[in-house]
Amino acid sequence: MAALAVAERIIRICPQLPSWVTTNCGPWAPDQVSVRLYFHNDEAGVAALARELDVETTTRPHSDDNPAPYTSLNAMVAGVPVEAWTLGDDPADAEVSA
């Protein structure tokens, strides 16, 4: 229930709604809940939530094979770990379409 309460709280304060909200609670660890929010190609959405939660975002390449920017935040809200993330466009794709 803690993860659901935190998800509801985040949705209420979030300036831009995420594409997906996932609450996690494995039956093997019922006291280890978490909330994940996905913003579809929306770095500004992650940044806006970071400001509301008073945390920083980080941006890095998604992987060695995929240089698309992966922007995320990690926070604790009412004792529940929260992660929000987005995957931007591959920089090479942006150059081609410009």
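Everything below is about the structure shown above.
Because the structure is a prediction, the values reported are computed rather than measured.

Q: How should the pattern of salt bridges be read in this particular structure?
A: It is possible for side chains of opposite charge to pair when their charged atoms get near one another. Within this structure, the stated rule accounts for 1 salt bridge. Ionic pairing is found between Arg36 and Glu83, a salt bridge with its closest N-O pair at 3.0 Å. A residue pair is termed long-range when its members are at least 10 positions apart, and Arg36 in strand S2 (residues 34-38) and Glu83 in strand S5 (residues 80-87) qualify at 47 residues.

Q: Would you mind showing me how to read the pairing of S5 here?
A: Across a regular strand the side chains alternate sides, sitting on one face of the sheet and then on the other. Burial analysis of S5 places 6 of its 8 residues in the buried class, the great majority of the element. Direction of pairing for strand S4 (residues 69-77) relative to S5: antiparallel, over a ladder of 8 bridges. Each residue of the ladder has a partner; that of Thr71, found in S5, is Thr86. Between the end of S4 and the start of S5, which pair antiparallel, lie 2 residues, with Ala78 showing a positive phi angle near 50°.

Q: When you look at the sheet that holds S4 in this model, what are you seeing that I'm missing?
A: Backbone hydrogen bonds hold the strands of a sheet together, and the pairing may be parallel or antiparallel. Ordered in space as S1-S2-S5-S4-S3, the 5 strands form an open sheet in which the pairing is mixed. This sheet does not close on itself; its edge strands, each paired only once, are strand S1 (20-24) and strand S3 (58-61). Mean inter-strand twist for the sheet, computed between neighbouring axes without regard to direction, equals 20°. The pairing of S1 with S2 spans 5 bridges and is antiparallel. Looking across to S2, one finds that Asn24 is bridged to Ser34. Across the sheet, helix H2 (residues 43-53) touches S2, S3, S4 and S5, and the angle it forms with S4 is around 25°.

Q: When you look at the packing of aromatic side chains in this model, what are you seeing that I'm missing?
A: Evaluation of the coordinates by the stated rule reveals 3 aromatic pairs. Considering the side-chain rings of Trp20 and Tyr38, the 4.7 Å spacing of their centres and the 40° angle between planes classify their relative orientation as tilted. Of this pair, Trp20 sits in strand S1 while Tyr38 is found in strand S2, placing the two residues 18 residues apart along the sequence. Overall, Tyr38 belongs to the buried group, its relative accessible area being 12%. Between Tyr70 and Trp85, the aromatic rings sit 5.8 Å apart at their centres with planes inclined by 25°, giving stacked as the arrangement. Of the two residues, Tyr70 is situated in strand S4 and Trp85 in strand S5; the sequence distance between them amounts to 15 residues. You can call Trp85 buried: its relative accessible area is 18%. A network of ring pairs unites the aromatic residues Trp20, Tyr38, Tyr70 and Trp85 as a single cluster.

Q: Can you walk me through the environment of Thr71 in this structure?
A: Inspection of the secondary structure assignment puts Thr71 in strand S4. Owing to a relative accessible area of 2%, Thr71 belongs among the buried residues under this scheme. Those residues in contact with Thr71, other than ones at most four positions away along the chain, are Glu43, Val46, Thr57, Thr58, Thr59, Ala84, Trp85 and Thr86. There is a polar contact of 2.9 Å between the side chain of Thr71 and the side chain of Thr59.

Rules behind the numbers
Residues numbered from 1 in each chain as written. Predicted model: local features only at pLDDT ≥ 70, side-chain atom pairs only at ≥ 80, totals over all residues. Heavy atoms only, no water. Salt bridge = Lys/Arg side-chain N within 4 Å of Asp/Glu carboxyl O. Helix = DSSP H or I, 4+ residues; strand = E, 2+ residues; numbered from the N terminus. Buried < 20%, exposed > 50% of the residue type's maximum accessible area, 1.4 Å probe, protein only. Pairing = 2+ DSSP bridges. Axes fitted to C-alpha atoms, helices over the stretch in contact; angles between N-to-C directions. Contact = heavy atoms within 4.5 Å. Phe/Tyr/Trp six-rings, centres within 6.5 Å; stacked < 30°, edge-to-face > 60°. Polar contact = N/O pair within 3.5 Å; in protein donor to acceptor, adjacent residues only side chain to side chain.

Function-wise, these values are silent; they only describe arrangement.
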